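# Residue-level structure breakdown
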Amino acid sequence: MKILLVEDDEALIAILTRNLAAQHYVVDAVQDGEMGWSYGSTFEYDLIVLDLVLPKLDGISLCQRFRAEGYTTPILLLTAQDNSTAKVQGLDAGADDYVVKPFDQAELIARIRALLRRGSTQPFPLLTCGNLLLDPSTCEVSYGGQPLVLTTKEYELLELLLRDSQHVLSTDEILDRLWSSEKFPSEATVRSHIRRVRHKLVAAGAPPDFIATLHGRGYYLKALEPGADIEAPAFNARFSSNEPTSSRHSSSGDSSAAIDILSEALPAADQALSARLQPESQQQYLAFLNETWRTTQPKCLEQIGILLQALTDLQDDRLSRQQQTQAQQAAHKLAGTLGIFGLTQAMHLSRQLENWLCSSEALHSKQADLMQTLAIALQQEIANTQTIRSSQLPGGLPLLLVVSADVEFNQSLVPVAIDRGMRIKIAPNEMALVEEPLPDVILFRFPPHALDEPDRPDASELWQTLQAYVHRYPTLPILVVGDRGELSDRLKIVRSGGNFFLESSVVPDQVISAAVRLLHSSNLSARVMIVDDDQNWLHMLPTLLKPWGFKVTTLADPQQFLTVLQAVTPDLLVLDVDMPHINGFELCQILRSDPDWQRLPVLFLSVLTDAASQSQAFKVGADDYLCKPIMGIELANRILRRLQRVRAWAS
Amino acid sequence: MTHKRVLIIDDEETIQTVVQFGIKLAAGWEVLTASSGLKGIQTAQTEQPDVILLDVMMPDMDGIATFKELQACPEIQQIPVILLTAKAQTADKRQFNDLGVSGVITKPFNSLDLPEQISRILHW
């Protein structure tokens with residue numbers, strides 16, 4: 001039996017863990033409410049013991065959250081408040097029992113035992129075959145942990161096959177047992193239901209012949225060979241075929257309807273071994289990373305503060321050895337922390353700074369400028385990271401969310417998406433959207449006539465969902481597929497925030513290509529590096545460009561050009577022409593002669609307005625030439641347009 | 001695969017937390033944590049984990065020094081040690097092997113992959 005203990009008092013954790021372990025309970029202890037939620041919503045527990053007063057999320061709120069999300073795990077509250085108001089509040093929040101501190105250990109364990117006894121009565125046994133699990137008490141069906149969305153008839157069909165898994169069921173038998181005697185469906189009806197259930201099972205990762213046909217005889221469920229089945233569940237306890245994947249009940253009926261389809265194209269052995277490819281694990285891991293990032297981000301920015309202060313002191317030639325060590329430790333911490341969130345660019349910048357700071361030779365104030373440039377780039381990387389996405393993680397795949405009730409359309413996208421290295425999640429209705437994780441690209445498939453009849457309930461809900469997404473995640477790329485491409489429709493889509501429109505006659509390959517293109521262009525916070533010896537401009541430009549969300553790195557000394565370029569890896573470069581030692585044209589030539597950088601877009605920004613200078617710029621490989629002074633919006637537009645062109649060519 | 005106990009020694013608390021969650025999620029293994037070499041050695045002695053994941057770059061007592069200390073304790077010297085190291089240090093892999101570590105895992109990693117990587121290194 002497994003117990004989750006959510007308690008912030010370390011001494012109490014130690015005592016309780018020891019006493020419970022003596023009773024052969026396995027205990028996971030976490031110290032705040034948010035961690036309690038992360039663990040409780042991710043792992044299977046037989047009981048949750050919750051302290052009432054907890055950091056981040058209090059026990060009552062956590063209890064309410066578990067219940068609101070449909071978790072039925074028994075909950076025992078611990079509290080120091082011995083009054084009936086607190087007790088009533090706790091029990092009303094969904095707790096099953098209540099113990100007041102200080103408590104007698106023996107009594108607490110007896111209460112835990114009693115709660116576990118109460119929870120153990122399963123009114124209906126679960127039906128399983130291989131990774132397929134059907135819970136008759138909740139009517140939930142899942143394969144390998146992924147919920148299946150089935151029609152009533154499809155559900156009945158699977159239940160029948162599961163209950164009679166020892167037999168081959170003929171079409172006639174199925175007709176007899178699933179259709180009332182007043183109805184006269186044909187054998188073709190059974191075949192079409194079988195076909196649809198097979199599709200859904202395959203989409204959830206089942207082999208195509210999971211519902212096997214014995215020609216001339218009928219159908220039966222074919223679980224994997226025992227040997228082949230062992231590794232996956234053993235590797236991921238959550239997906240064990242013999243135990244319920246969750247005590248969670250769908251709180252909103254259809255909200256669990258999203259099917260995450262991942263990797264049936266991969267060899268079975270790889271699938272079994274790569275737990276990160278299991279969609280549920282990946283989602284939970286991602287949710288956990290995002291939760292952790294919320295508290296880690298401010299700490300990272302504090303470390304950046306230490307770094308920047310040290311660099312300011314270095315500029316003024318008053319950096320003490322102790323301060324340098326402190327700054328080096330800050331950079332080291334940053335490198336480690338940022339790496340675990342998949343922020344590789346930021347990690348490399350931190351590591352570069354760490355290497356300089358741990359040098360045994362004394363640092364010079366000259367180096368401070370360069371280091372400060374990188375530290376500011378790092379600060380922007382951290383500050384601009386609001387969400388950790390699966391595509392960032394090592395080996396992570398981008399997630400395409402398809403909001404569409406068109407089963408045929410959805411199914412046609414799956415193999416193409418997988419082939420193009422995307423995960424695809426299908427939400428047949430907008431209810432499923434409330435669920436995490438955040439996708440990398442979202443596709444809305446408008447049903448026929450939804451565009452010309454926007455007041456229809458299904459259409460208006462879809463519009464509202466689209467707008468809600470745009471409002472909440474303004475940078476999330478949105479692709480709309482509809483059956484009409486009139487100007488007024490296109491206008492409405494654009495006004496609602498859709499980034500790309502395709503008519504429904506497109507082939508799946510075009511849809512996925514458009515999604516991939518949007519994904520590439522969605523990293524809106526492009527890195528822009530500006531090299532200019534005019535310090536006033538350098539200070540002004542980041543502010544001018546800020547509203548467009550660019551990550552701007554400025555460099556005054558062209559001699560540090562290559563070092564900064566390689567550390568920052570910009571998406572676009574802005575160069576001044578006249579600079580000491582090396583001019584902008586020469587820098588551009590250096591780029592154009594380098595196989596790694598020859599395609600980097602270069603914009604010149606100079607006070608020189610003469611035709612000869614402009615002509616020279618284009619001759620050495622410039623993509624654009626602008627004259628100072630310039631408005632922020634104009635520069636931003638030129639940068640954006642250039643980036644869009646480059647991305648369109650690249651794709 | 002049977003239940004395993006992993007000890008991670010890393011000075012970064014966030015890394016400990018994320019690795020603990022990831023390994024537990026992927027394989028259901030128990031993960032013990034220690035923030036310094038010294039604490040790690042103590043935990044290894046009392047808890048006898050099945051494997052130790054050891055960060056190379058730690059302040060005070062670094063991973064290499066910690067490994068040598070671990071090897072010097074007869075009751076824990078048989079516990080396999082896998083070093084966690086940044087890519088830049090890959091060139092040092094040979095040196096790590098000469099030391100007698102069981103393997104090296106390169107940072108950054110996806111914690112969900114760790115059970116698989118550990119199992120492969122240790123032939124579990």
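Residues numbered from 1 in each chain as written. Chains lettered and ligands numbered in written order. Predicted model: local features only at pLDDT ≥ 70, side-chain atom pairs only at ≥ 80, totals over all residues. Heavy atoms only, no water.

A separate point is the overall build of chain B. Helices and strands together make up the secondary structure of chain B, namely five helices and five strands. Mapped from its N terminus to its C terminus, chain B presents α and β elements in the order β-α-β-α-β-α-β-α-β-α. Counting over 124 residues, chain B shows a buried share of 59%. Of all intrachain contacts in chain B linking residues separated by at least 6 positions in sequence, the fraction that spans at least 24 positions is 64%. A total of about 5100 Å² of accessible surface is found on chain B, and carbon and sulfur atoms cover 47% of it. (Helix = DSSP H or I, 4+ residues; strand = E, 2+ residues; numbered from the N terminus. Buried < 20%, exposed > 50% of the residue type's maximum accessible area, 1.4 Å probe, protein only. Contact = heavy atoms within 4.5 Å. Areas by Shrake-Rupley, 256 points an atom, 1.4 Å probe, with all protein chains shown as cover.)

All right, on to helix H2 (residues 33-42) of chain A then. Residues lying three or four places apart along an α-helix face the same way, a consequence of the helix completing one turn every 3.6 residues. Counting buried residues along H2(A), nine of its 10 residues qualify, which places the element largely inside the surrounding structure. Where H2(A) begins, the capping side chain belongs to Asp32(A), and its oxygen is found 3.0 Å from the backbone nitrogen of Glu34(A). (Polar contact = N/O pair within 3.5 Å; in protein donor to acceptor, adjacent residues only side chain to side chain.)

This part takes up the sheet that holds strand S5 (residues 97-100) of chain A. Residue and element names in this part refer to chain A. Spatially, the five strands line up as an open sheet ordered S2-S1-S3-S4-S5, and their pairing is parallel. If you trace the sheet from one side to the other, it starts and ends with strand S2 (26-30) and S5, each paired once. The mean inter-strand angle of the sheet, taken between neighbouring strand axes irrespective of direction, is 20 degrees. Bridge count between strand S1 (residues 2-6) and S2: five bridges; the pairing is parallel. If you follow Lys2 over to S2, its bridge partner there is Val26. Those strands touched by helix H4 (residues 84-92) are strand S4 (75-79) and S5, and its axis lies near 145 degrees from that of S5. (Pairing = 2+ DSSP bridges. Axes fitted to C-alpha atoms, helices over the stretch in contact; angles between N-to-C directions.)

A few words now on the confidence of the model for chain A. Residue and element names in this part refer to chain A. Within chain A, residue pLDDT values average 78, and 83% of them lie at 70 or more. Confidence scores differ between elements of chain A, with helix H9 (residues 226-235) showing the lowest mean pLDDT of 30 and strand S20 (residues 572-575) the highest of 94. Ignoring residues within four places in sequence, the model shows residues 120-124, a span with pLDDT below 50, making two contacts including any to other chains. In the model, residues 225-277 has pLDDT below 50 throughout and makes 136 contacts with residues more than four positions away in sequence or in other chains. (pLDDT = per-residue confidence, 0-100.)

Quick look at the interface of chain A and chain B now. Between chain A and chain B, the residue contacts involve 37 residues of the former and 29 residues of the latter. Regarding the contact of chain A and chain B, the summed buried area is about 2800 Å², with carbon and sulfur atoms giving 67% of it. At the boundary of chain A with chain B, the tally comes to two salt bridges. In this structure, Asp28(A) engages Lys24(B) in a salt bridge whose closest nitrogen and oxygen atoms are separated by 2.8 Å. For the interface between chain A and chain B, the tally reads five residue pairs in polar contact (both at pLDDT 80 or more). Broken down by secondary-structure element, the contributors of at least two residues to the side of chain A that touches chain B are H2, H9, helix H11 (279-315), helix H12 (321-340) and helix H13 (344-357) of chain A. Looking at the side of chain A that touches chain B residue by residue, the classes come out as 16 nonpolar, 15 polar and six charged. (Buried area = accessible area lost by both parts, 1.4 Å probe. Salt bridge = Lys/Arg side-chain N within 4 Å of Asp/Glu carboxyl O. Nonpolar A, V, L, I, M, F, W, Y, C, P; charged D, E, K, R; others polar.)

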